[in-house]
Amino acid sequence: LTPNEFTYTSLISACAKAGEYDHARLIFDGMMRDGLTPNLYAHNAVLSACKLGGRWQEALALLYEMRDRFPAHQLSGAYTCAMAACNVSGHFDVALRLFHEMQPTGVPTQTTAYNAAILACCRSGAFDLALDLFHRMSPPPGAPADSPSPAAAAACVGGDMP
């Protein structure tokens, strides 16, 4: 038996959930050394490890690598995760920059991306921009309207993220 992409991705995800960024990255690199091409899920699992480990710079580097490998319409979750890594590390300006990069490059801005951007605004004191983003949120035709997350709302009133 030999490990495949699914095996590696599962292991990377487990490391991410345990907050073991270094192990997740070693496994990801080992996957490539073993001749396997990491898929979108493997990349996103490493991004999740970056977020949980406060590794915002690594998250950005990986996100920019992903932009060269995957179509823009598949990168919404990756952008949102990188934004969350920036928020967790206190780099709210970088999180907002990522949000503003999304639409011009063809990356869909879903509710979770708006939530991360609103959280960054609130945490950095840009309440007017947070409200502007809140009002700009509009569901795609035929989709149910979502609302900002409790984490974003709590941040605006000085609460903590769940």
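Let us look at the structure shown here. (Residues numbered from 1 in each chain as written. Predicted model: local features only at pLDDT ≥ 70, side-chain atom pairs only at ≥ 80, totals over all residues. Heavy atoms only, no water.)

### As for the nonpolar core
Among the nonpolar cores identified, the biggest contains 51 residues, and Ile12, Met66, Leu75, Met83, Leu98 and Phe99 are the most heavily contacted of them. Contributing elements (two or more residues each) for this core: helix 1 (5–17), helix 2 (21–33), helix 3 (40–52), helix 4 (56–69), helix 5 (76–88), helix 6 (92–102), helix 7 (111–123) and helix 8 (127–136). No other element matches helix 7, which puts 8 residues into this core. Residues contacting Leu98, with those up to four places away along its chain left out, are Leu60, Leu63, Tyr64, Tyr79, Ala82, Met83 and Cys86. (Core = buried A, V, L, I, M, F, W, Y, C linked by side-chain atoms within 4.5 Å. Buried < 20%, exposed > 50% of the residue type's maximum accessible area, 1.4 Å probe, protein only. Helix = DSSP H or I, 4+ residues; strand = E, 2+ residues; numbered from the N terminus. Contact = heavy atoms within 4.5 Å.)

### Examining the packing of aromatic side chains
Within this structure, the stated rule accounts for 1 aromatic pair. Measuring from ring centre to ring centre gives 4.9 Å for Phe99 and Tyr114, while their planes differ by 70 degrees; the resulting arrangement is edge-to-face. You can see Phe99 sitting in helix 6 and its partner Tyr114 sitting in helix 7, a full 15 residues away along the chain. Judged by relative accessible area, Phe99 falls into the buried class, the value being 4%. Since its relative accessible area comes to 8%, Tyr114 is described here as buried. (Phe/Tyr/Trp six-rings, centres within 6.5 Å; stacked < 30°, edge-to-face > 60°.)

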